[in-house]
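Examination of the molecular architecture
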Amino acid sequence: MAKQIDVNNIPKHIAIIMDGNGRWAKRRMLPRLAGHKEGVEALKRVTKAGRELGVKVMSFFAFSTENWKRDSEEVNGIFDLVKKHLSENFDSFVNDNIKIVTMGDISKLPQDLYQMLLDIQEKTKNNNDFIVNIGLNYGSRAELVRAFNNLAEKNKKNITEEDLKNELYTCDLPDPDLVIRTSGEQRLSNFMLFQSAYSELYFPKIHWPDFDKKQLKKAIIEYQSRDRRFGDIKREKNK
Ligand code: FPP
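These lines cover the structure that appears in this document, whether it is placed above or below.

The rules behind each value
- Residues numbered from 1 in each chain as written.
- Predicted model: local features only at pLDDT ≥ 70, side-chain atom pairs only at ≥ 80, totals over all residues.
- Heavy atoms only, no water.
- Buried < 20%, exposed > 50% of the residue type's maximum accessible area, 1.4 Å probe, protein only.
- Helix = DSSP H or I, 4+ residues; strand = E, 2+ residues; numbered from the N terminus.
- Pairing = 2+ DSSP bridges.
- Axes fitted to C-alpha atoms, helices over the stretch in contact; angles between N-to-C directions.
- Parallel < 35°, antiparallel > 145°, perpendicular 65-115°, else oblique.
- Left-handed = near helix turned anticlockwise from the far one by under 90°.
- Contact = heavy atoms within 4.5 Å.
- Nonpolar A, V, L, I, M, F, W, Y, C, P; charged D, E, K, R; others polar.
- Core = buried A, V, L, I, M, F, W, Y, C linked by side-chain atoms within 4.5 Å.

Attention shifts here to the pairing of strand β5 (residues 178-181). Alternating residues of β5 divide into L178 and I180 and V179 and R181, and every residue in both groups is buried. As defined by bridge partners, strand β1 (residues 13-17) adjoins β5 across 4 bridges and the pair is classed as parallel. Within β5, the position partnered with I16 by the bridge is I180.

Let's shift gears to the packing of helix α2 (residues 32-53) against helix α7 (residues 213-225). It is at 9 Å that the axes of α2 and α7 come closest, and there the two elements cross at 50°. If you check the angle between α2 and α7, you find them oblique. For the element pair α2 and α7, the recorded crossing hand is right-handed. Only K213, L216, K217 and I220 of α7 make contact with α2, whose side of the interface consists of V46, A49, G50, E52 and L53. Here the residues of the contact of α2 with α7 are counted per class, giving 5 nonpolar, 1 polar and 3 charged.

Here we take up the nonpolar core. Ranked by internal contacts, the top residues of the largest apolar core, which has 44 residues, are I14, I16, M58, L86, I180, W208 and L216. The element best represented in this core is helix α3 (residues 72-95), accounting for 7 residues. When near neighbours in sequence (up to four residues on either side) are disregarded, I14 contacts V55, V57, M58, S59, L178, I180, L216 and I220. Judged by nonpolar contacts, the second largest core, of 9 residues, contains A15, F61, M103 and Y138.

Assignment of secondary structure puts I180 in strand β5. Sequence separation of I180 and E222 is 42 residues, and the distance between their C-alpha atoms is 11 Å.

Dropping the structure here:
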């Protein structure tokens, strides 16, 4: 019998590297952008499923600091898809108590997308039922360098982990409990390196456009089978 999800142990924050859109498209002899388009459909399915299952925060790696190296057609195509998704769902984010936040230097994105992202973050800032965090022009090393520069500017001495954490884009979010990277690659590729220090990692072989609620449940069941010790030793109950 298939294992069931333990509803009392749902990861609070799931972070996802949505990999494999290009390969998904190539396999179908479609342009890469068709893969990204289908990737947005997966993102919609998976955020809905996450919320239904009781996840509180979901982070998505939509565009990395390294993705600028791709053809401008693909880069602009991804930005257009993000814009389309946000504009089509703007009202439902506002009305359904969903908070949208971003990580990365969004000021370098096309102006209309940048303005839209500022606007949606402002309009949803008091929402608190579910948080969607989108990584755009995001890289973990750049985030850390920015954090250290902010601290240097404040003349901060004897810097603590807490000080550093407070300068990250994710300062208001809990660390991810579970990081998923689809398409079988087993690396983090500059994604939430500080935040994922104790995250469970899960690498399903499936390409992102094929990811769905069933896959998310599988990932959560796998997460629930892990023994999270945070550097401690395993202790038996009542001892
Ligand atoms: C990785 O697959 C995917 C990306 C670089 C882009 C993902 C972006 C989206 C799905 C759009 C996000 C939209 C919103 C609203 C946040 P890849 O192209 O590296 O795949 P490959 O490794 O198979 O070539």
